[in-house]
Amino acid sequence: TVIVPHEESDLEETTTRAIKLQQATKNALHAAIDVAHVGNTIGDILLVIRNHAKMNGYTRCHGIDFGCEIGKELACCVEHDCKIDSIKFQPGMIFTIGVIFCEGHYAHALWTNGWTRSTVDGGLAAQFKHTVLITDTGPEILTEMENV
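Not measured: the values here are computed from a predicted model. Numbering of residues begins from 1 in every chain and follows the order in which that chain's sequence is written. Reporting of local features is limited, given that this is a predicted model, to residues whose pLDDT is at least 70; pairs of side-chain atoms are given and counted only at 80 or more, and all residues count toward the totals for whole chains, interfaces and linings. Where side-chain values are given, they derive from all heavy atoms of the structure, hydrogens and water being excluded.

1. A closer look at the sheet that holds strand 6 (residues 138–141)
- Pairing is antiparallel in the open sheet, where 4 strands are placed in the order 1-2-5-6. The sheet is open, and its two borders are formed by strand 1 (59–60) and strand 6, each paired with just one other strand.
- When checking whether two residues touch, look at their non-hydrogen atoms; a contact exists if any pair is within 4.5 Å. Fitted lines through C-alpha atoms give the axes, limited to the stretch in contact for helices. The angle between two N-to-C directions lies from 0 to 180 degrees. Secondary structure elements follow DSSP: runs of H or I no shorter than four residues count as helices, runs of E no shorter than two count as strands, and numbering proceeds from the N terminus. Lying over the sheet, helix 2 (residues 42–56) contacts strand 1 and strand 2 (94–102), oriented at roughly 20° with respect to strand 2. When DSSP finds two or more bridges between a pair of strands, those strands are recorded as paired.

2. Some remarks on the pattern of salt bridges
- By definition here, a salt bridge exists when the distance from a side-chain nitrogen of Lys or Arg to a carboxyl oxygen of Asp or Glu is within 4 Å. Here the structure, examined in full by the defined rule, presents 1 salt bridge.
- Close ionic contact of Glu-103 with Arg-17 constitutes a salt bridge, the shortest N to O distance being 2.7 Å. Note that Glu-103 is positioned in the loop between strand 2 and strand 3 (108–110) and Arg-17 in helix 1 (residues 11–34), a separation of 86 residues in sequence.
- Judged by relative accessible area, Arg-17 falls into the partly exposed class, the value being 29%. Throughout, exposure labels follow a simple rule: accessible area from a 1.4 Å probe, protein chains only, divided by the maximum for the residue type, with under 20% read as buried, over 50% as exposed, and the rest as partly exposed.

3. Considering the packing of aromatic side chains
- Stacked, tilted and edge-to-face are the three classes applied to pairs of Phe, Tyr and Trp rings, where Trp contributes its six-membered ring and a pair requires centres within 6.5 Å; stacked means planes under 30 degrees apart, edge-to-face means over 60, and tilted covers the rest. A complete count under the given rule lists 2 aromatic pairs for this structure.
- Both rings, one in Tyr-58 and one in Phe-101, keep their centres 6.3 Å apart while their planes meet at 25°; by these two values the pair is stacked. With a gap of 43 residues between them, Tyr-58 in the loop between helix 2 and strand 1 and Phe-101 in strand 2 connect regions that are remote in the sequence.
- Geometrically, the ring pair formed by Phe-89 and Phe-95 is stacked, given 5.1 Å between the ring centres and 0° between the ring planes.
- Owing to a relative accessible area of 3%, Phe-89 belongs among the buried residues under this scheme.
- For Phe-95, a relative accessible area of 6% translates into the label buried.

4. Describing helix 2
- Its 15 residues place the ends of helix 2 22 Å apart at the C-alpha level, agreeing with the 21 Å of an ideal helix rising 1.5 Å per residue.
- When we look at burial in helix 2, the residues that qualify are Ile-42, Ile-45, Leu-46, Val-48, Ile-49, His-52 and Ala-53. Projection of helix 2 onto a plane perpendicular to its axis shows the buried side chains occupying an angular sector of 160°, all on one side. Exposed and facing more than 90 degrees away from the buried side of helix 2 are Lys-54 and Met-55.
- Between N or O atoms, a polar contact is any pair within 3.5 Å; within protein, one atom must be a potential hydrogen donor and the other a potential acceptor, and residues adjacent in sequence are included only when both atoms are from side chains. Between the side-chain oxygen at the start of helix 2 and the backbone nitrogen of Gly-43 there is a gap of 3.3 Å, and the oxygen is on Thr-41.
- Positive backbone phi, at 80°, marks Gly-57, one or two positions downstream of helix 2. How far a helix is expected to stretch is found by multiplying one less than its residue total by 1.5 Å. Working note: the arc is built from the helix axis to C-beta atom directions.

This is how it looks when you write it as structure tokens:
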């Protein structure tokens, strides 16, 4: 969903910024998936995402569903300094990797509908996520859609 602020802005310039932000966020997601191999850790994924954000001049949104395993053993939100950063991937693990980059400050506000969020500084944000299965031969994206 694209939410345009009430102030007038140059649509072409905003579109260019949005495309750059979307591409950087999507690239970070795929780079994070690329390190989701047996023996690597959630911390390895976090490092890749942080580095992509910094390299592209964006902030990473904090405090929103980031990497939750589907199941009973690891059903918590993974954030920096979380004790589960060191958990090693094992075959059969399934979890979601979600990346949210912001062009300005990462602080966000939850709207009264309980779902929609916006950056408090009015900057653009982009999110991409996939559910991934860890296999002996590497990560398998379970939510990939062809021709989309």
